[in-house]
Amino acid sequence: MQNTQLVISQFSDSIREATEIIERPIPKLEDHEVLIQNKFIGINALYDRELYRGRVPYIDVKFPYVFGVETVGVVVEIGKNVKSVKTGQALSTVKVGTAYQEYQIITEAEVIKIPEATPEYLTLNPTGVSAYLALNNTAELKDGETIVVSAASGGLGHIVVQLSKRKNCHVVAICGNPKKVELLKSLNACDRIINYREEDIAKVLSEEYPNKIDVGFDSVGTYMFDAFLANLAPLGRLVVSGLATELTAPKFEQINRSRVYESIYWKGASVRCFMNHLFREQQQKGREYLFDLYRKGALQVKVDPSSFEGIASIVNASEYLLAGKSCGKVVVKM
Ligand SMILES: NC(=O)c1ccc[n+]([C@@H]2O[C@H](COP(=O)([O-])OP(=O)(O)OC[C@H]3O[C@@H](n4cnc5c(N)ncnc54)[C@H](OP(=O)(O)O)[C@@H]3O)[C@@H](O)[C@H]2O)c1
């Protein structure tokens with residue numbers, strides 16, 4: 001049986017130039033392995049871009065390199081020693097260098113069972129789990145604090161604002177167009193929504209939240225990071241969850257000013273970076289928490305309504321996310 005894959009075949013700034021679609025035979029299963037037919041694939045365009053530029057320090061990209069991180073799919077074949085799953089079982093998979101293909105093989109030890117292979121479960125794991133881990137382990141968000149979230153209507157952001165509201169926090173959500181504002185309103189989780197194309201972030205935060213941000217949750221970087229940093233509360237935590245503006249620029253912006261501790265030392269505040277794969281042991285707890293909330297109808301999961309279908313559309317989906325057009329999690333249907 002053949003497997004269609006989107007692979008990185010050279011380094012480039014452009015996903016179109018860096019990638020190609022190839023077909024390879026699916027190897028015979030080892031006794032402890034499971035073959036999955038991918039049904040939906042999650043798009044991580046910003047991370048991918050660093051990969052096809054050859055800039056992820058812990059990944060050695062050897063061409064042709066299958067990329068993509070997360071899928072949901074169903075088991076189509078199992079190795080002869082596999083006991084915990086049967087064919088037809090819906091699974092979620094999360095592993096760098098595995099997702100952008102029709103089929104994939106995982107070991108039984110990697111199996112994550114889900115009730116159904118839907119875009120919503122794909123959003124909960126791993127994006128929702130990242131939101132959970134970043135808030136609990138990195139931000140150490142406490143009941144009733146004030147949190148400011150950038151890219152708040154995105155795949156990660158819309159879960160972050162809802163989990164924050166569940167802790168009775170004052171939630172300030174930042175996004176970039178009216179459609180995103182509407183998505184945020186529909187979550188019933190935001191106390192203040194700022195469309196940065198209509199209001200100046202630095203001005204709003206310094207006027208409405210001077211030294212009041214307990215947690216800044218930033219996925220954007222540059223000007224957003226600066227505005228959050230300037231308004232941290234005593235003991236405030238600024239979480240660097242992503243660097244969208246830096247990663248879409250040709251190189252990191254070089255700035256000339258005093259070191260970061262100047263603005264945080266006297267407040268006892270901190271800047272912390274979140275990296276999801278470093279919290280492997282806590283992921284299962286996050287999944288259980290989120291799946292339970294979702295089943296009970298206590299968490300809304302927003303999937304971008306654009307219809308991307310098939311391996312070839314991964315490139316379009318990626319460019320769409322990088323253009324800042326998406327609302328909710330971007331997925332490709334297989
Ligand atoms: N550290 C980790 O372990 C980890 C794990 C998961 C995700 N992340 C990061 O979290 C962020 C959100 O990821 P996601 O997959 O859920 O994406 P997303 O939020 O659904 O989409 C990206 C959003 O970022 C905002 N953005 C601002 N400047 C941008 C730029 N120059 N290029 C592209 N987007 C820009 C846009 O929203 P607005 O127009 O509303 O600003 C855009 O819609 C990303 O930065 C990602 O790298 C990090």
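The rules behind these values
- Residues numbered from 1 in each chain as written.
- Predicted model: local features only at pLDDT ≥ 70, side-chain atom pairs only at ≥ 80, totals over all residues.
- Helix = DSSP H or I, 4+ residues; strand = E, 2+ residues; numbered from the N terminus.
- Domains from an automatic or database assignment.
- Contact = placed C-beta atoms within 7 Å.
- Nonpolar A, V, L, I, M, F, W, Y, C, P; charged D, E, K, R; others polar.
- Near = placed C-beta within 6 Å.
- Axes fitted to C-alpha atoms, helices over the stretch in contact; angles between N-to-C directions.
- Parallel < 35°, antiparallel > 145°, perpendicular 65-115°, else oblique.

Put simply, Phe63 and Pro64 share a cis peptide bond, and its omega is -10°. Mapped onto the fold, Pro64 is located in the loop between α2 (45-52) and β4 (65-66). Despite not being glycine, Asn211 shows a phi value in the positive range, around 55°. Relative to the helices and strands, Asn211 is located in the loop between α6 (201-208) and β12 (213-218).

Below, the discussion takes up the domain arrangement of the protein chain. On domain assignment, one finds that the protein chain holds domain 1 (2-117 + 304-333) and domain 2 (124-277). Taken over C-alpha atoms, the centre of domain 1 sits 29 Å from the centre of domain 2. Across the boundary between the two partners, domain 1 contributes 15 residues, which contact 15 residues of domain 2. Among the elements that take part in the side of domain 1 that touches domain 2, α2 stands out by supplying three residues, more than any other. Residues of the side of domain 1 that touches domain 2, tallied by class, amount to six nonpolar, five polar and four charged.

Lining the immediate environment of the ligand, one finds 28 residues, of which Gly154, Gly155, Gly176, Gly242 and Asn276 sit closest. The set of elements that each furnish at least two residues to the shell around the ligand consists of α2, α3 (119-139), α8 (244-248) and α11 (313-322). Broken down by class, the residue content of the shell around the ligand amounts to 11 nonpolar, 16 polar and one charged. Two domains each donate at least three residues to the shell around the ligand, and these are domain 1 (2-117 + 304-333) and domain 2 (124-277).

The N-to-C vectors of α2 and α11 enclose an angle of 110°; their axes lie 9 Å apart at closest approach. Considered as vectors, α2 and α11 are oriented roughly perpendicular to each other. Counted together, Ala45, Asp48 and Arg49 of α2 and Ser318, Leu321 and Leu322 of α11 form the full contact between these two elements. Residues that form the contact of α2 with α11 fall into these classes: three nonpolar, one polar and two charged.

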